[in-house]
Amino acid sequence: MLRFNQQEAISSIPGYLADPDLPGLKEALDGHAMRGFCRRLLTADNSATVIDCRVTRLRYRRAKRCIIQYQMTLRLADDSTRTHWLAALLYADKNKFRTGTRRLEKLITESVPVDGLLGGAVIEEAGLLIRRFPFDRRLPTLAPFVFDIEQLIGDYLPVLLDSHDWNLESLDVNPVRWRVGLSAVLALHLRLENRHNGSLRRHRLFAKLDATGAKSTTRSRLRQAEASGDLPFSLPRTLLSMPRQGITIQNSARGMALDSLLGARLVKPAHATSFAQMLARWHCNGDQLQIRYSRQDFETALTRTVRILTTAAPGCSARLERLAEGIRGKMVHGSYRPIHLDLKPEHIFFDTDRITLIDIESAVDGDPMLDITILYARMFHAKALYDLPQQQSRNFALQFLSSYHQLVPAFWWHNFPASYAWALLKVATHLFTCQRPRWRDWTHRFVSEAESALNSPDDNLPSLLRNARQTAAPNRVYHGSGMLVSDRSMG
């Protein structure tokens, strides 16, 4: 669920992403213009009104192409509203646009608009190719899965529930994430009826579709570690796997996600401490995953981040290049521990006696500071990123950082300044690509923070960590003492 309701019209600022090779970009980012274009998705017998179309995410390559995702809201005849997800593609290469047009027209002709909406629309005058969820050329199983979902879930219900006692009474499907051409996640809300006594029950599952079947070996290694009791956290249970279709159905994670806890102001210091202990135990003693996040991988990701931010804030280009050069020069590679690499508050679940991590497909062998700094940056700036309570989020970040520091080797902290600068640039990129309000101001702020982080004293206890210890000290809740280090963790 998106937390932000964008208030400012991003097209109102002159020169926004001006690109002479993509002349339709201005209209594609103009909500008023897009509402007009979206009407072409409605069939002749659909009396709905397009009342909103807002940008939620973009992927942009200057002078090449742009993929823009939207939420389109319709007001129906009964005055209710319904939201649909859309994606528009713009190409600088006219041949690619014509090829895309032929593919899209074929899709529109072949798809049956059972809900009064076409599968897409060609906006010739703006050079836009609009597709709506779930139509995705690089995820060919997504649309059939969504439109046939009730039949599929009904057929596999005994497998999914590990029981023959239930019938499927109703099913609601809500998209959670759609990375066009790459992956999709759907929440499945099942309403079940017991075939023996007629009692009702609700059940929640998640379906993931991936274009590549990425890192299945990582998942299997972690599953094996969990089964043998060697994994200090839980994984959502996989109930059904269909590798040929790239489909996986999992149980929902136990407990409450960290972002939900923060939003409800239920987070306690013990949550941060227990998570730090769990993560330190995994970083220090976990079995390696045999997929390395190498120096080349890191520098490739850094280069991409700088390219995106240079596009977003051309005035910062020289500073960004200096930052990238400084991060590359200061980051020491060679420590490879199992890490998540994409720790976010919505990926961390707390239950009474267990922590569950989701979206573990990103896990690799890499520097532990990459996990620490990206989570710290996201939590410290959670107000801007997720609209979460600022003080509670920062308290969690500081307590987590202080607790983790007590448990891991001192030499790991050498990479903290460079890694934290990297993390701040990633956070700035997220604000731009997701078009958060005031992302321009935040970009300049994060660049300045990254410069300060990179120039901080290069010792085993960065000044930021000293502040964290002082701030978090009154709330510490430790269980045991000493570092969680085995012989192999020092290699």
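These numbers were taken from a predicted model, which means no experiment stands behind them.

**Student:** What's the story with the pairing of strand S8 (residues 200-210) in this structure? I'm lost.
**Tutor:** Both strand S7 (residues 183-194) and S8 contribute to a ladder of 11 bridges, which runs antiparallel. Following the sheet pairing, Leu 192 is matched in S8 by Arg 201.

**Student:** What is the right way to read the pattern of salt bridges from this model?
**Tutor:** Inspection of the entire model under this criterion finds 18 salt bridges. Measuring nitrogen to oxygen at the nearest pair gives 3.6 Å for the salt bridge that ties Arg 75 to Asp 79. Using a relative accessible area of 33% as the deciding quantity, one classes Arg 75 as partly exposed. Across the pair Glu 226 and Arg 223 runs a salt bridge, and its minimum N-O distance is 3.9 Å. Of this pair, Glu 226 and Arg 223 both sit in helix H6 (residues 216-227), 3 residues apart, roughly one helical turn. Connected via shared salt-bridge partners are Arg 177, Lys 208, Asp 359 and Glu 361.

**Student:** Got a minute to help me understand the sheet that holds strand S11 (residues 256-257) in this structure?
**Tutor:** Hydrogen bonds along the backbone pair up the strands of a sheet, which may run parallel or antiparallel. Taken in spatial order, the 3 strands line up as S11-S13-S14 in an open sheet, and their pairing is antiparallel. Bordering the open sheet on either side are S11 and strand S14 (355-357), each of which pairs with just one other strand. Bridge count between strand S13 (residues 348-350) and S14: 3 bridges; the pairing is antiparallel. Across the sheet, residue Phe 350 finds its bridge partner in S14, namely Ile 355. Against the sheet, helix H8 (residues 269-285) makes contact with S13 and S14, and its axis sits at roughly 60° relative to S14, the strand it touches most.

**Student:** Looking at this model, I keep getting lost on unusual backbone geometry. Mind explaining?
**Tutor:** The bulk of non-glycine residues show a negative phi, and the bulk of peptide bonds are trans. With omega at 15°, the peptide bond leading from Phe 133 into Pro 134 counts as cis. With respect to the helices and strands, the residue Pro 134 is situated in the loop between strand S5 (128-132) and helix H4 (142-147). If you check the backbone angles, Arg 265 has positive phi at about 55° while not being a glycine. By the secondary structure assignment, Arg 265 is in the loop between helix H7 (258-263) and H8. One non-glycine residue, Asp 387, lies in positive phi territory at about 60°. Looking at the secondary structure, you find Asp 387 in the loop between helix H12 (382-386) and helix H13 (390-405).

**Student:** What is the right way to read the pairing of S5 from this model?
**Tutor:** With respect to burial, S5 is a largely interior element, 5 of its 5 residues being buried. By the alternation rule, side chains of S5 split into Leu 128, Ile 130 and Arg 132 and Leu 129 and Arg 131, which are all buried. Of the strand pairs in this sheet, strand S3 (residues 81-91) and S5 are connected by 4 bridges, and their pairing is antiparallel. Note on S5: the bridge partner recorded for Leu 89 is Leu 129. By the bridge criterion, 4 bridges tie strand S4 (residues 120-123) to S5 in an arrangement that is antiparallel. Across the sheet, the residue bridging to Ile 123 is Leu 128, located in S5. Remark: 4 residues form the turn of the hairpin made by S4 and S5, two consecutive strands paired antiparallel; Gly 127 in that turn has positive phi of roughly 65°.

**Student:** What should I look at first to understand the sheet that holds strand S2 (residues 65-75) in this one?
**Tutor:** Read from one edge to the other, the open sheet built from 5 strands follows the order S1-S2-S3-S5-S4, with strand pairing classed as antiparallel. The open sheet has two edge strands, strand S1 (49-61) and S4, and neither has a second partner. Across the sheet, the mean angle from the axis of one strand to that of its neighbour is 20°, orientation sign disregarded. Pairing of S2 with S3, which is carried by 11 bridges, proceeds in the antiparallel orientation. Considered in S3, the bridge of Met 72 is made with His 84. Across the sheet, helix H2 (residues 31-38) touches S1, S2, S3, S4 and S5, and the angle it forms with S1 is around 110°.

**Student:** For this particular structure, what's the right way to read the packing of aromatic side chains?
**Tutor:** Any pair of aromatic rings gets described here by the distance separating the centres and the angle formed by the planes. Per the counting criterion, the structure on display carries 16 aromatic pairs. When the centroid spacing of 5.7 Å and the interplanar angle of 25° are considered together, the rings of Phe 416 and Tyr 420 count as stacked. One end of the pair, Phe 416, and the other, Tyr 420, are both in helix H14 (residues 416-433), 4 residues apart, so they sit about a helical turn from each other. Accessibility expressed as a relative area gives 4% for Tyr 420, which makes it buried.

**Student:** Would you mind going over the side chain of Arg 59 with me for this structure?
**Tutor:** Tracing the chain through its elements places Arg 59 in strand S1. Nearest to the buried, unbridged Arg 59 among oppositely charged side chains is Asp 136, at 7.6 Å. Within the structure, the side chain of Arg 59 is placed 3.2 Å from the backbone oxygen of Val 180, a separation counted as a polar contact. Every residue in contact with Arg 59, bar those within four places of it in the chain, is listed here: Arg 65, Cys 66, Ile 67, Arg 179, Val 180 and Leu 182.

Reading the values: the criteria
- Residues numbered from 1 in each chain as written.
- Predicted model: local features only at pLDDT ≥ 70, side-chain atom pairs only at ≥ 80, totals over all residues.
- Heavy atoms only, no water.
- Pairing = 2+ DSSP bridges.
- Helix = DSSP H or I, 4+ residues; strand = E, 2+ residues; numbered from the N terminus.
- Salt bridge = Lys/Arg side-chain N within 4 Å of Asp/Glu carboxyl O.
- Buried < 20%, exposed > 50% of the residue type's maximum accessible area, 1.4 Å probe, protein only.
- Contact = heavy atoms within 4.5 Å.
- Axes fitted to C-alpha atoms, helices over the stretch in contact; angles between N-to-C directions.
- Phe/Tyr/Trp six-rings, centres within 6.5 Å; stacked < 30°, edge-to-face > 60°.
- Lys, Arg positive; Asp, Glu negative; His and termini not counted.
- Polar contact = N/O pair within 3.5 Å; in protein donor to acceptor, adjacent residues only side chain to side chain.

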